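Listed below, chain by chain, are the residues.
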There are 2 protein chains.
Amino acid sequence: MEKSSVEVKAKFIRGFGDKTRLQILESIRRSEKTVSQIVAELNGNQSNISQHLACLKGCGIIVSRQEGKYIYYSLRNERIDQLLDVMEAVFAQVAEEVSACDMNDELDC
Amino acid sequence: MEKSSVEVKAKFIRGFGDKTRLQILESIRRSEKTVSQIVAELNGNQSNISQHLACLKGCGIIVSRQEGKYIYYSLRNERIDQLLDVMEAVFAQVAEEVSACDMNDELDC
DNA sequence: GTATTATATTAGCACCGCCTAATATGTGTG
DNA sequence: CACACATATTAGGCGGTGCTAATATAATAC
């Protein structure tokens, strides 16, 4: 049986909902990067990064192109870039609001 | 030890990354709703919905106000509303691109 | 060809998130 | 007060997700 649209959408969003993946996205935002560049930059584990890249690609968030023995990853398009901006802006505002005013609310689930 | 900003941000985003929570957000988008209204609308389980509401509130995505024995939930502010719009737009475009052109890529992780 | 580098895949494990059922708390009503 | 209704919390099971280590594939260099 097929996944409902809202389920697929949730999965898409979850693509952004991980610390390491957010860092990868920040890393390749300005310019495409190879896996090893990302691994070096994030001081990460090659296998781990590779799996997160596969996840991001599977979610349609990034794309890859091969050049010789290197594989370059970059954001799928400019709208993903915009989405990252909006997420950051809204998060920054909410985080400030929450930590500054509402002593009751916390950012834990 | 404190959670890094990017970890908190990931958690914030994950607030949107669940089918039921997305449905709740759609439900309360237009106008605030009580828990029982949401439960009825989504044909859901009261305990389950209540937990998701706590999660959304904890993530700073929604707020609540009490009126008598009812508790009304609504989006925290208009920027959350905008974010939902942008997410939907980008997702729709990506979903179309992925399913139409790239036969290789799939929306699975 | 073999060796080396770049990346992907697999397996196993721990942990976290989601669900359901049951129970608790809180608020109004008779 | 007891009772009904609205919501929250707890406990337990279960599947998914992220991590590491090891192995596999693919491309280049020698």
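The rules behind each value
Residues numbered from 1 in each chain as written. Chains lettered and ligands numbered in written order. Predicted model: local features only at pLDDT ≥ 70, side-chain atom pairs only at ≥ 80, totals over all residues. Heavy atoms only, no water. Pairing = 2+ DSSP bridges. Helix = DSSP H or I, 4+ residues; strand = E, 2+ residues; numbered from the N terminus. Contact = heavy atoms within 4.5 Å. Axes fitted to C-alpha atoms, helices over the stretch in contact; angles between N-to-C directions. Buried area = accessible area lost by both parts, 1.4 Å probe. Salt bridge = Lys/Arg side-chain N within 4 Å of Asp/Glu carboxyl O. Polar contact = N/O pair within 3.5 Å; in protein donor to acceptor, adjacent residues only side chain to side chain. Buried < 20%, exposed > 50% of the residue type's maximum accessible area, 1.4 Å probe, protein only. Near = heavy atom within 4 Å.

Trainee: Tell me what's going on with the sheet that holds strand 2 (residues 62-67) of chain B, and back it up with residues and numbers.
Mentor: Residue and element names in this part refer to chain B. Strand order in the open sheet made by the three strands is 1-3-2, with antiparallel pairing throughout. At either end of the open sheet lies a strand with only one pairing partner, and these are strand 1 (33-34) and strand 2. Pairing between strand 1 and strand 3 (residues 70-75): two bridges, direction antiparallel. Bridge assignment links Thr-34 to a residue of strand 3, and that residue is Tyr-72. Each of strand 1, strand 2 and strand 3 touches helix 2 (residues 19-29); the most contacted strand, strand 3, lies at about 95° to it. Helix 4 (residues 46-58) contacts strand 2 and strand 3 of the sheet and is inclined by roughly 120° relative to strand 2.

Trainee: If you had to explain the interface of chain A and chain B to someone new, which residues and values would you point to?
Mentor: At the interface, 43 residues of chain A touch 43 residues of chain B. Buried area between chain A and chain B, both sides added, is near 4,200 Å², and the carbon and sulfur share of it is 68%. Per-residue buried area on chain A facing chain B is highest for A:Lys9, A:Arg76 and A:Phe91; these three make up 15% of the total on that side. Where chain A packs against chain B, one counts four salt bridges. Residue B:Glu88 pairs with A:Lys9 through a salt bridge whose shortest N-O separation is 2.7 Å. Counting across the chain A and chain B interface gives eight residue pairs in polar contact (both at pLDDT 80 or more). Sorting the residues of the side of chain A that touches chain B by element identifies helix 1 (5-14), helix 2 (19-29), helix 4 (46-58) and helix 5 (78-100) of chain A as the ones contributing at least two each.

Trainee: If you had to explain the environment of A:Ile61 to someone new, which residues and values would you point to?
Mentor: All names here are of chain A. For Ile-61, the location among the structural elements is in the loop between helix 4 and strand 2 (62-67). The class of Ile-61 is buried, set by a relative accessible area of 0%. Residues contacting Ile-61, with those up to four places away along its chain left out, are Phe-12, Gly-15, Phe-16, Leu-25, Leu-56, Leu-75, Arg-76 and Ile-80.

Trainee: Describe the protein's contact with DNA strand C, with residues and values.
Mentor: Not every one of the 24 residues close to DNA strand C is listed here, only the nearest: A:Ser36, A:Ser47, A:Tyr73, B:Ser47 and B:His52. Per the 4 Å cut-off to the protein, sugar and phosphate atoms form 62% of the nearby atoms of DNA strand C. In the model, a base oxygen of DNA strand C is placed 2.7 Å from a nitrogen or oxygen of the A:Ser47 side chain. Between B:Gln51 and DNA strand C, the recorded distance is 3.1 Å, taken from a side-chain N or O atom to a base oxygen. Sorting the residues of the surface near DNA strand C by element identifies helix 3 (35-42), helix 4 and strand 3 (70-75) of chain A together with helix 1 (5-14), helix 2 and helix 4 of chain B as the ones contributing at least two each.

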